[in-house]
Amino acid sequence: MIFETVATGGCRSYVIGCEDTCAAALIDPELSQIDRYIALAARHGLRIRYLVDTHTHADHFSATQQLGRQLRVPVVMHSASPAPFIDLRLQGGELLIVGRLRLQALHTPGHTRDSMCLCVEDRVFTGDTLLIGGTGRTDLPSGDAGALYESLFEGVLRLDPALKVYPAHEYKGRSHSSIGQELAENPRLQKSDRKAFIEMMQNLNLTMPTHVTEALRTNMTGGKTVDQMLSEAAATVPFMSLGELKACLGSGRDDLVVLDVRERDAFEEGHISGARLLPRGQLELRVNQELTDPTKRILVYCEFGRVSTLATATLRQMGFHGAVALDGGMKAWREAGHAVKAGKEP
Ligand SMILES: [Fe+2]
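For the structure given in this document, a descriptive report is provided here. Think of each chain on its own: its residues are numbered from 1, step by step along the sequence as written. Local features in this predicted model are restricted to residues of pLDDT 70 or higher, and side-chain atom pairs are both shown and tallied only at a pLDDT of 80 or more, whereas totals for entire chains, interfaces and linings draw on every residue. Calculated side-chain values reflect all of the structure's heavy atoms, with hydrogen atoms and water omitted.

### Thoughts on the overall build of the protein
(1) Moving on: Runs of H or I in DSSP of at least four residues are treated as helices and runs of E of at least two as strands, each being numbered from the N terminus. Scanning the protein from N- to C-terminus turns up 12 helices and 19 strands.
(2) Moving on: Expected size for 346 residues packed as a compact globule is a radius of gyration near 20 Å; at 26 Å, the protein overshoots this value by more than 25%.
(3) Moving on: For the protein, the spread of C-alpha atoms along the principal axes amounts to about 75 × 50 × 35 Å.
(4) Moving on: Contacts are residue-level and defined by heavy atoms, with any inter-residue pair within 4.5 Å sufficient. In the protein, 64% of the contacts between residues at least 6 apart in sequence involve partners at least 24 apart.
(5) Moving on: A total of about 16300 Å² of accessible surface is found on the protein, and carbon and sulfur atoms cover 50% of it. The quantity called the radius of gyration is restricted to C-alpha atoms. Its globule counterpart is 2.2 Å times the number of residues to the power 0.38. For the area figures, the Shrake-Rupley method with a 1.4 Å probe applies, and any residue is considered shielded solely by the protein chains shown.

Okay, structure coming up:
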């Protein structure tokens, strides 16, 4: 077995590969680490065959859908998962064959309805059902403390005590534990009475994970994160630095259209001298009247440099191949001490 752990903050992803056949599965991949997973697999001479999410994550962005498209391999989740982009939906007890390895799914609802653990050889990937010294929380959508009790005490904890436990989260840097060790030491498992366990889980008063709404939206639907939208747009546009813009404006040549895509009140409060106003919200509908020469060089800016990236990508899609986004925005321009003009458009 070839095995790698990738830690992203407290999130853990695992590459598990078959030495004989070079087939591998990737468990709980995270969106920001896509290149790392592909590089790791390549370093071991592995071909990733399956992308598995142990459950619908609420705290990080899953990479399964994007990697699935990129590598043309199936995305695997439990059959209770709401995500529409899953290619292979497992039921409890079913096997995923990865070369000579057999990954067996164990349906373990509780943290979420679609949670599953995966047993393979000497180890079990427990997702957020069982953590080292903890359990997944049950207060997020589809969580159920009673179901978690059953999944643990009538499922996972009855597995071979020698099995190594590899969870989807670990915040203290420990690589793994074992079923036996968790049974003996995990404080949450010391309440083996169902009622007491449920009461404990319902009174944890945990803070909400960051990005919970966005993570659930994207992981449940296959939609894109805001960062994905921005980085996809950024990949299609060139940028101009503040210094270069200042030099262009100072050169006296008027071959550059400077376009402010913020709202009118922000423009009137202070804009780059000579800029024209075309708010992002009206861009597509007013572009034909406002930008009559598609060959012109157009410098687009906004307040922070994010909206202008999206606007520049839109302009380039519409044929304005001279559109370029300001690297930074009005805020950075002001902070650099460059001239700002107040008032209405001329
Ligand atoms: Fe989770």
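### Some remarks on the coordination of the iron ion
(1) Moving on: Protein coordination at the iron ion comes from H55 (NE2), H111 (NE2) and D128 (OD), with a distance range of 2.0 to 2.4 Å.
(2) Moving on: Site description for the iron ion: donor spacing in sequence, H-x55-H-x16-D. In this pair, H111 sits in the loop between β8 (101-107) and β9 (116-120) while D128 sits in the loop between β10 (123-127) and β11 (130-131), placing the two residues 17 residues apart along the sequence.
(3) Moving on: Judged by relative accessible area, H111 falls into the buried class, the value being 7%. Coordination shells were defined by N, O and S atoms within 2.8 Å of each metal, extended to 3.2 Å for Na, K and Ca; water is absent from the atom set, which can make sites look incomplete. Only protein chains enter the calculation, and the probe is 1.4 Å; a residue is then buried if its accessible area is under 20% of its type maximum, exposed if over 50%, and partly exposed in between.

### Points about the packing of helix α1 (residues 34-43) against helix α2 (residues 64-71)
(1) Moving on: Fitted lines through C-alpha atoms give the axes, limited to the stretch in contact for helices. The angle between two N-to-C directions lies from 0 to 180 degrees. At a closest axis distance of 11 Å, the pairing of α1 and α2 adopts a crossing angle of 50°. By the angle between their axes, α1 is oblique relative to α2. Classified by chirality, the crossing of α2 by α1 is right-handed. Contacts between α1 and α2 pair I34, Y37 and I38 from the former with Q66, L67, Q70 and L71 from the latter.
(2) Moving on: The residue classification treats Ala, Val, Leu, Ile, Met, Phe, Trp, Tyr, Cys and Pro as nonpolar and Asp, Glu, Lys and Arg as charged. All others, Gly included, are polar. Of the residues assigned to the contact of α1 with α2, the class counts are 5 nonpolar, 2 polar and no charged. Orientation is classified from the angle alone, with under 35 degrees giving roughly parallel, over 145 giving roughly antiparallel, 65 to 115 giving roughly perpendicular, and any other angle giving oblique. Here a crossing is called left-handed whenever its near helix is offset anticlockwise from the far helix by less than a right angle, and right-handed whenever the offset is clockwise.

### Overview of the nonpolar core
(1) Moving on: Only buried residues count toward a nonpolar core, which is a set of Ala, Val, Leu, Ile, Met, Phe, Trp, Tyr and Cys residues joined through side-chain atoms within 4.5 Å. Core analysis: the largest hydrophobic core is formed by 23 residues, its most contacted members being V15, L26, L46, L51 and L67.
(2) Moving on: Every element with two or more residues in this core is listed here: β1 (2-8), β3 (23-27), α1, β4 (47-52) and β5 (75-78).
(3) Moving on: Ranked by residues supplied to this core, first place goes to α1 with 4 residues.

### Comments concerning the pattern of salt bridges
(1) Moving on: Salt bridge, as used here, is a side-chain nitrogen of Lys or Arg placed within 4 Å of a carboxyl oxygen of Asp or Glu. Within this structure, the stated rule accounts for 17 salt bridges.
(2) Moving on: For K164, the salt bridge is made with D122, and the minimal N-O distance between the two is 3.2 Å. Here K164, found in strand β13 (residues 164-167), pairs with D122, found in the loop between β9 and β10; they are 42 residues apart in sequence, far enough to count as distant.
(3) Moving on: On the basis of relative accessibility, which here comes to 27%, the residue K164 falls in the partly exposed class.
(4) Moving on: Measuring nitrogen to oxygen at the nearest pair gives 2.7 Å for the salt bridge that ties R262 to D260.
(5) Moving on: A cluster of three or more residues bridged by salt bridges with shared partners is formed by D260, R262, E303 and R334.

### A closer look at the sheet that holds strand β2 (residues 11-17)
(1) Moving on: Paired strands, as defined in this entry, are two strands with at least two bridges between them according to DSSP. Ordered by their spatial adjacency, 6 strands build an open sheet running β1-β2-β3-β4-β5-β6, and the pairing between neighbours is mixed. Two strands lie at the open edges of the sheet, namely β1 and β6 (88-90), each paired on one side alone. With direction set aside, neighbouring strand axes in the sheet form an average angle of 25°.
(2) Moving on: Where β4 lies against β5, 2 bridges are found, and the strand directions are parallel. If you follow L51 over to β5, its bridge partner there is V75.
(3) Moving on: Across the face of the sheet, α2 comes into contact with β3, β4 and β5 while running at roughly 150° to β4.

### Here's the deal with the environment of P187
(1) Moving on: Looking at the secondary structure, you find P187 in the loop between α4 (179-185) and α5 (194-202).
(2) Moving on: Using a relative accessible area of 55% as the deciding quantity, one classes P187 as exposed.

### Quick notes on the side chain of H78
(1) Moving on: Within the secondary structure layout, H78 lies in strand β5.
(2) Moving on: Other than its neighbours up to four places away in sequence, H78 contacts R89, L90, Q91, G92, H107, D114 and M116.

### Brief notes about the pairing of β2
(1) Moving on: Taking burial as the measure, the 7 residues of β2 include 7 buried ones, the bulk of the element.
(2) Moving on: By the alternation rule, side chains of β2 split into C11, S13, V15 and G17 and R12, Y14 and I16, which are all buried.
(3) Moving on: In this structure, β1 lies alongside β2, joined through 7 bridges in antiparallel fashion. Residue A7 lies in a different strand from β2, and its bridge partner there is R12.
(4) Moving on: Here 4 bridges tie β2 to β3, and the two strands are oriented antiparallel to one another. Within the sheet, the bridge partner assigned to G17 lies in β3 and is A24.

### As for unusual backbone geometry
(1) Moving on: Located in the positive-phi region is C22, a residue other than glycine, with phi close to 70°.
(2) Moving on: On the secondary structure map, C22 appears in the loop between β2 and β3.
(3) Moving on: Residue class for C22 comes out partly exposed when judged on its relative accessible area of 34%.
(4) Moving on: Phi at D28 is positive, roughly 55°, even though this residue is not glycine.
(5) Moving on: Mapped onto the secondary structure, D28 falls in the loop between β3 and α1.

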